[in-house]
Amino acid sequence: MRRIIRAAAFLSVLVLAMGAAAQSGQAAIDKARAGYSKSGDFRAAFDALSAGVPETEADAKVKAAASGLCSDMGLAEYNKKNWKNAWEAFRKALKYQPTNAIATQYYLSMKKSFDTAKLENEGELEAQARTAEDTEAARKAQETAAQAAAQAEAARKAQEAE
């Protein structure tokens, strides 16, 4: 009888621990999704998800949700031409759930179309280039405005001198 009671107690603790793990996994997914939606910071969201939901997660629902989030982030990064991030997200999605159809489709397409060992985040590089161009254009505009102000001031002084 004592064995039965101990076994029941052990099972109760095990069930509670599994429920808590599933809740913490779902919390990690929710945090990663919110962070990515808010800031678009792939690395922070991906790392939070990876830390909060191990690939060995026992709860199939949590793994499916994590796989879905990875697919969503992968699609967003793919559309931004951030190939390296997209590849990483699709690979992780398939580790969580090998039957994820979207991740499988994009993973295979990228594997066929790209040298996956040399992927870059072209979207991020383009954004950095645009920022540099915008900064240079703003600097030139400030110089032009300063020159125009100096010319106007010189013209005003010349007019006062006459």
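Residues numbered from 1 in each chain as written. Predicted model: local features only at pLDDT ≥ 70, side-chain atom pairs only at ≥ 80, totals over all residues. Heavy atoms only, no water.

Caption draft 1: Fine view of the overall build of the protein chain. Across its full length, the protein chain carries six helices and zero strands. Each helix (α) and strand (β) of the protein chain, taken in turn from the N terminus, gives the series α-α-α-α-α-α. In the protein chain, the proportion of contacts linking residues at least 24 apart, taken out of those at least 6 apart, comes to 66%. Of the roughly 10900 Å² of accessible surface on the protein chain, 58% is carried by carbon and sulfur atoms. (Helix = DSSP H or I, 4+ residues; strand = E, 2+ residues; numbered from the N terminus. Contact = heavy atoms within 4.5 Å. Areas by Shrake-Rupley, 256 points an atom, 1.4 Å probe, with all protein chains shown as cover.)

Caption draft 2: View of the environment of G40. As for its position among the elements, G40 is in the loop between α1 (2-39) and α2 (42-52). On a C-alpha basis, the gap between G40 and M73 in space is 9.1 Å, while along the polypeptide they are 33 residues apart.

Caption draft 3: Fine view of helix α5 (residues 101-113). With 13 residues, α5 ought to run about 18 Å at 1.5 Å a step, and its terminal C-alpha atoms sit 18 Å apart, in line with that. Turning to α5, its buried residues are A103, Y107 and M110. The arc that holds every buried residue of α5, seen down its axis, measures 70°, which confines them to one face. Residues of α5 that are exposed and point over 90 degrees away from its buried face: A101, Q105, K112 and S113. On its buried side, α5 packs onto α3 (60-79) and α4 (83-96). Put simply, N100 is the residue that caps the front of α5, since its side-chain oxygen is 3.2 Å from the backbone nitrogen of I102. (Expected span 1.5 Å × (residues − 1). Buried < 20%, exposed > 50% of the residue type's maximum accessible area, 1.4 Å probe, protein only. Arc of directions from axis to C-beta. Polar contact = N/O pair within 3.5 Å; in protein donor to acceptor, adjacent residues only side chain to side chain.)

Caption draft 4: Looking closely at the nonpolar core. I29, L49, V53, M73 and M110 are the most contacted members of the largest nonpolar core, which totals 26 residues. Mapped onto this core, the elements with two or more residues apiece are α1, α2, α3, α4 and α5. Per element, the largest residue contribution to this core is eight residues, and it comes from α4. Residues within four places of L49 in sequence aside, it is in contact with I29, A32, A66, L69, C70 and Y96. (Core = buried A, V, L, I, M, F, W, Y, C linked by side-chain atoms within 4.5 Å.)

Caption draft 5: Summary view of the confidence of the model for the protein chain. A residue-level look at the protein chain finds 71% of positions with pLDDT of 70 or above and a mean pLDDT of 82. Contacts for the low-pLDDT stretch residues 7-21, under 50 throughout, to residues beyond four places or in other chains number zero contacts. (pLDDT = per-residue confidence, 0-100.)

Caption draft 6: The arrangement of the packing of α3 against α4 in detail. At a minimum axis separation of 8 Å, α3 and α4 run at an interaxial angle of 165°. It follows that α3 is roughly antiparallel to α4 by the angle criterion. Handedness of the α3/α4 crossing: left-handed. Packed against α3, whose contacting residues are K63, A66, S67, C70, S71, M73, G74, L75, E77 and Y78, the element α4 presents W83, N85, A86, A89, F90, K92, A93 and Y96 at the interface. Here the residues of the contact of α3 with α4 sort into 11 nonpolar, four polar and three charged. (Axes fitted to C-alpha atoms, helices over the stretch in contact; angles between N-to-C directions. Parallel < 35°, antiparallel > 145°, perpendicular 65-115°, else oblique. Left-handed = near helix turned anticlockwise from the far one by under 90°. Nonpolar A, V, L, I, M, F, W, Y, C, P; charged D, E, K, R; others polar.)

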